[in-house]
Amino acid sequence: MQKKKLNLSIKILIGLAIGIVVGLFLPAEIANTWIKPFGTLFLNLIKMVVVPLVFASIVVGTCGLNDARSLGRLGGKTILYYLCTTALAVTIGLVCANLFPVGRNLAFEMEALSASEPQSVVDTLLNIVPTNPIDALAKGNMLQIIFFAIALGVGILMCGEKGKPLQDGVNSLAEAMYALTSSIMKLAPIAVFALVCPVVAVNGPKSLLPMLGLILSVYGACIFHAVVVYSATVGGFAHISPVRFFKEAAPAMVFAFSSASSAATIPFSMESSERMGVPQSVRSFVLPLGATINMDGTAIYQGVCALFIANAYGVSLTLSQQLTIILTCTLASIGTAGVPGAGAVMLTMVLSSVGLPAEGLAMGMVLGIDRILDMARTCVNITGDIACSVVVAASEKQLEPTSNR
């Protein structure tokens, strides 16, 4: 009888548990000398794929919006809804992290890195547009890379058939990066052990409390976003009561929470939207597109974790730096969904955009509980997909009458 293999998420949780237990008994010097380098190696591999992965993913994601172009108003409303709610989500995450500054008592050393120099809001907005895209790619300037990738994707669409060879080439690059990232993520259980063990060995049991605080902050922000933002949109635009909305969306939300997969939840999302009167022509477009570009839950996660890591290193992020995080998360939502290890890759990108270290003890703590956080952010992502389908159908006056509305 063939034994059932453990999935990656369970292995990561096992790695986390072993890392905590070993760290409680292992001398700090041994943990830092012989175990920590394996975690550092994993983070270096993640950083290696970030630039080409983000660039190729966003170009491909933008090119995939060709349907939105042909559907006109439907596509425009869908994309606008997703981008607006993503911006609201990361803002909620940042506000939550500012109100409840988890990680502030860790006092980790920054090592060789420091936060970037404060910029004005105007400079932050102007610097989104790269004067030299190649230089932006070489330096890993994520906001500029995202802008250039979106612009290139739009240019490919405008070329029509003449742009098809370039689109195919970038698509091949994206697939290669997906495969490489997937292979790297197989090392995650060992990496989580190697990253968490030194944290516990150096700081003792007191290091576990900030991890619990981080989980509570992310879950609290996710619940607030779902209850307030989605209730307001479905109630205001579609006149559906929040109670009915969450009742119909519950099966999809539960499956998303347990599977942590937006793509796998699409059939459940389709059924939930249908029960609320969303016609097939709307839900068949909005929901798959949402699985690609809607990142509300992930945006909350990025905002809270970025502030957590900044607090852990004693760095105070300015208003313009927090605005940069909002812009980075919102723009990155175009093409990062569905990528294996997307949470770790996107967080690395967000941290680099404001000059915070994407390696070290704080990042190790975040990666150690990533699976727990992934469940919450995926649940919020698919709830946002369903809410968008209802709102768009109502705005197009295509929402079909159902009972108990």
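About the cut-offs
- Residues numbered from 1 in each chain as written.
- Predicted model: local features only at pLDDT ≥ 70, side-chain atom pairs only at ≥ 80, totals over all residues.
- Heavy atoms only, no water.
- Phe/Tyr/Trp six-rings, centres within 6.5 Å; stacked < 30°, edge-to-face > 60°.
- Buried < 20%, exposed > 50% of the residue type's maximum accessible area, 1.4 Å probe, protein only.
- Lys NZ or Arg CZ within 6 Å of the ring centre and 35° of its normal.
- Helix = DSSP H or I, 4+ residues; strand = E, 2+ residues; numbered from the N terminus.
- Expected span 1.5 Å × (residues − 1).
- Arc of directions from axis to C-beta.
- Polar contact = N/O pair within 3.5 Å; in protein donor to acceptor, adjacent residues only side chain to side chain.
- Contact = heavy atoms within 4.5 Å.
- Salt bridge = Lys/Arg side-chain N within 4 Å of Asp/Glu carboxyl O.

Engineer: Any chance you could explain the packing of aromatic side chains here in plain terms?
Structural biologist: Geometry of an aromatic ring pair is reported as the spacing of the ring centres plus the angle between the planes. Summed over all chains, the structure comprises three aromatic pairs. Taking 6.2 Å as the distance between ring centres and 75° as the angle between the ring planes, the aromatic pair formed by Tyr 81 and Tyr 82 counts as edge-to-face. Its relative accessible area of 10% is what places Tyr 81 among the buried residues. The buried category is assigned to Tyr 82, whose relative accessible area is 0%. A ring pair is formed by Phe 245 and Phe 246, whose centres lie 5.1 Å apart and whose planes are at 75°; its orientation type is edge-to-face. Each of the two residues, Phe 245 as well as Phe 246, counts as buried. Sitting over the ring of Tyr 301, Arg 377 keeps its end group 4.0 Å from the ring centre.

Engineer: How do you make sense of helix H14 (residues 296–312) when you look at a structure like this?
Structural biologist: The α-helix winds at 3.6 residues per turn, so residues separated by three or four positions along the chain end up facing the same way. With 17 residues, H14 should reach 24 Å at 1.5 Å per residue; the first-to-last C-alpha distance of 24 Å fits that figure. Across the 17 residues that make up H14, a large majority, 17, are buried. Where H14 terminates, the next one or two residues include Gly 314, which has phi positive at roughly 70°.

Engineer: What is the right way to read helix H12 (residues 266–275) from this model?
Structural biologist: Residues of H12 that are buried: Ser 269, Ser 272 and Ser 273. Taken around the axis of H12, the buried residues stretch over an arc of 95°, which confines them to a single face. After H12 finishes, the residue Gly 277 shows a positive phi value of roughly 90°.

Engineer: What am I meant to see in the side chain of Ser 217 here?
Structural biologist: Looking at where Ser 217 falls in the secondary structure, it is placed in helix H10 (residues 208–238). Using a relative accessible area of 8% as the deciding quantity, one classes Ser 217 as buried. A polar contact of 2.9 Å, which involves the side chain of Ser 217, links it to the backbone oxygen of Gly 213. Beyond its immediate stretch of four places on either side in the chain, Ser 217 contacts Cys 96, Phe 100, Val 102 and Val 304.

Engineer: Even after reading the chapter, I still don't get the pattern of salt bridges, so can you show me in this structure?
Structural biologist: Side chains that differ in charge, positive against negative, can pair when their charged atoms come close. Evaluation of the coordinates by the stated rule reveals five salt bridges. Put simply, Arg 283 and Glu 274 hold a salt bridge, and the shortest N to O gap is 3.9 Å. The class of Glu 274 is partly exposed, set by a relative accessible area of 47%. Salt bridges sharing partners connect three or more residues here, namely Arg 244, Glu 248 and Arg 275.

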